[in-house]
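One-letter residues, chain by chain:
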Amino acid sequence: MDYTEKAHRPIKYSIFVYVWLALVALTWLTVAVSGMHMGRLSLISPFIIASAKAFLVVAFFMHIKYEAGIFRLFIGVALATMFVVVWLVYSDIAFRS
Amino acid sequence: MNETAEIAANKHKDYTGAKIGMWLFLFTELFLFFGPFLLYSIFRYRYSTDFINAGSELSLFVGSINTVVLLTSSLSVALSISALQKGNKKLTLLLLGVTIVLGAVFLVNKYFEWDAKIVHGLYPGAEALLSRPKGEILFFGLYFFMTGLHALHVIAGMSVLAVITFFVMRDKVTQSDYVKIENGGLYWHLVDVIWIYLFPLFYLIR
């Protein structure tokens, strides 16, 4: 097996600043949207926006975009585990009298 | 250290292994918060009116400020890693310092926020809280537990970054050997990601 490391080139400062601007903009958006009463949509929209923010942090700030594929696989397994737990817990709650 | 030993020591540095170890630890942290998150979602479904009433008592302004503070601290720690990789030690130290200060700002805001609730008798077990509807008691219980647990993680992250700052000063973490600052940064970003999800849970229900 080959253990040589890929040279990690430093990520440009400007990329991080753009990501930060996007994160602040999404924060503004989620606060603005929370003021509008949109029924079921207002229940799900903060979660979607939070997930978009988390994606940006994980991909850029946490370098996953630049990391080996194994890290993406790990995150996928963790998320899949969460999904299974959510599914089991919610179906338990739903069928309890 | 003689030359042979030095070469051997360098060979045994496992960059990817160190990072995988850190990520595995981060997953355990993620699941620590995932439990109360599930609990929240179930109680919110059961007591949605109580949750909306209780949530409207929190300051959206302070919550939003704290969100931006933490996002900015994530930016500064990410920049500090690039700065070190480019060999700019001074800028690295400055940015790490900024990150720790922003962490402290977050905690001070949190302190005032908690204090404002506690003086009104809104804390777990308080009589003023226990006389309220069931859902509001649950909301404030989860609020103090989850933001408290998160604040402990902010303190832990600040301590980690303080140690890393010391390492950078002493050249134990350098342009060619930077996995420690990367892993410290990963921890700080995780704290940020958790807050990204806590923020809508408590401040954005209206």
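Since this is a predicted model, take the numbers as computed values, not measurements.

Run through the overall build of chain B, naming residues and quoting values.
What chain B contains, in helices and strands, is 8 helices and 0 strands. Across chain B, helices and strands are ordered from the amino to the carboxyl terminus as α-α-α-α-α-α-α-α. A principal-axis box enclosing the C-alpha atoms of chain B has dimensions of 70 × 30 × 25 Å.

Lay out the overall build of chain A with the relevant residues and their values.
Helix and strand counts for chain A stand at 3 helices and 0 strands. When the elements of chain A are put in sequence order from the N terminus, they spell out α-α-α. Taken over C-alpha atoms, the radius of gyration comes to 19 Å for chain A, far larger than the 13 Å a tight globule of 97 residues would show. Across its three principal directions, the C-alpha atoms of chain A cover 60 × 35 × 10 Å. Buried residues in chain A amount to 15% of all 97 residues.

Provide a residue-level description of the interface of chain A and chain B, including the pertinent values.
At the junction of the two partners, chain A supplies 31 residues and chain B supplies 30 residues. Every element with two or more residues in the side of chain A that touches chain B is listed here: helix 1 (13-35), helix 2 (41-61) and helix 3 (69-94) of chain A. With 10 residues, the single largest contributor to the side of chain A that touches chain B is helix 1 of chain A.

Report on helix 7 (residues 134-169) of chain B, specifying residues and quantitative values.
Along an α-helix, residues three or four apart share an orientation, since each turn contains 3.6 residues. In this model helix 7 of chain B runs 52 Å from its N-terminal to its C-terminal C-alpha over 36 residues, within 8% of the 52 Å that 1.5 Å per residue would give. D171 of chain B occupies a position one or two residues after helix 7 of chain B and carries a positive phi of about 60 degrees.

Kindly report on helix 3 of chain A, identifying the contributing residues and their values.
The end-to-end C-alpha distance of helix 3 of chain A, which contains 26 residues, comes to 37 Å, matching closely the 38 Å that a straight helix rising 1.5 Å per residue would cover. With 0 of its 26 residues buried, helix 3 of chain A lies for the most part at the surface.

Break down the confidence of the model for chain B for me, with residues and values.
Residue and element names in this part refer to chain B. Averaged over every residue, the pLDDT of chain B is 93; the share at 70 or more is 94%. In the model of chain B, helix 1 (residues 3-11) stands out as the element of lowest mean pLDDT, 60, in contrast to helix 7, which has the highest, 97. For this predicted complex, the interface confidence score (ipTM) comes to 0.90, while the overall pTM stands at 0.91.

Quick rundown of the packing of helix 2 (residues 15-46) of chain B against helix 7 of chain B? Include the residues and the values.
Residue and element names in this part refer to chain B. Their axes nearest at 11 Å, the elements helix 2 and helix 7 cross at an angle of 160 degrees. By the angle between their directions, the pair helix 2 and helix 7 is classed as roughly antiparallel. Considering how the two elements wind past one another, helix 2 and helix 7 form a crossing that is left-handed. Residues P36, L39, Y40 and F43 of helix 2 form the contact with helix 7, whose participating residues are G135, L138, L142, F145 and M146.

Can you break down unusual backbone geometry residue by residue, with the values?
Leaving glycine out, the prevailing phi sign among residues is negative, and the prevailing peptide bond configuration is trans. For H63 of chain A, which is not a glycine, the phi torsion comes out positive at approximately 65 degrees. Looking at the secondary structure, you find H63 of chain A in the loop between helix 2 and helix 3. In this structure, D171 of chain B takes a positive phi of about 60 degrees despite not being glycine. With respect to the element layout, D171 of chain B can be found in the loop between helix 7 and helix 8 (179-203).

The rules behind each value
As a convention, each chain's residues are numbered from 1 in the sequence order in which they are written. Chains carry letters from A onward and ligands carry numbers from 1 onward, assigned in written order. With pLDDT at 70 or above as the cut-off, local features in this predicted model cover only qualifying residues; side-chain atom pairs require 80 or more to be listed or tallied, and sums for whole chains, interfaces and linings still use all residues. Each helix corresponds to a stretch of at least 4 residues labelled H or I by DSSP, and each strand to a stretch of at least 2 residues labelled E; elements are numbered beginning at the N terminus. Our radius of gyration looks at C-alpha atoms and nothing else; its globule reference is 2.2 Å times the residue count to the power 0.38. Counting other C-beta atoms within 10 Å of a residue's C-beta gives its exposure: the residue is buried at 20 or more, exposed at 12 or fewer, and partly exposed in between, where C-beta atoms are placed from the backbone. It is the C-beta atoms, placed from the backbone, that decide contacts: two residues are in contact if theirs lie within 7 Å. To estimate how far a helix should extend, the number of its residues minus one is multiplied by 1.5 Å. A score between 0 and 100, pLDDT records how confident the predictor is in each residue. In this analysis, axes come from line fits to C-alpha atoms, helices being fitted only over the stretch in contact, and the angle between any two N-to-C directions falls in the range 0 to 180 degrees. Oblique is the label for any angle not covered by the other classes, which are roughly parallel (under 35 degrees), roughly antiparallel (over 145) and roughly perpendicular (65 to 115). It is the rotation of the near helix from the far one that decides the hand of a crossing: anticlockwise by less than a right angle makes it left-handed, clockwise makes it right-handed.

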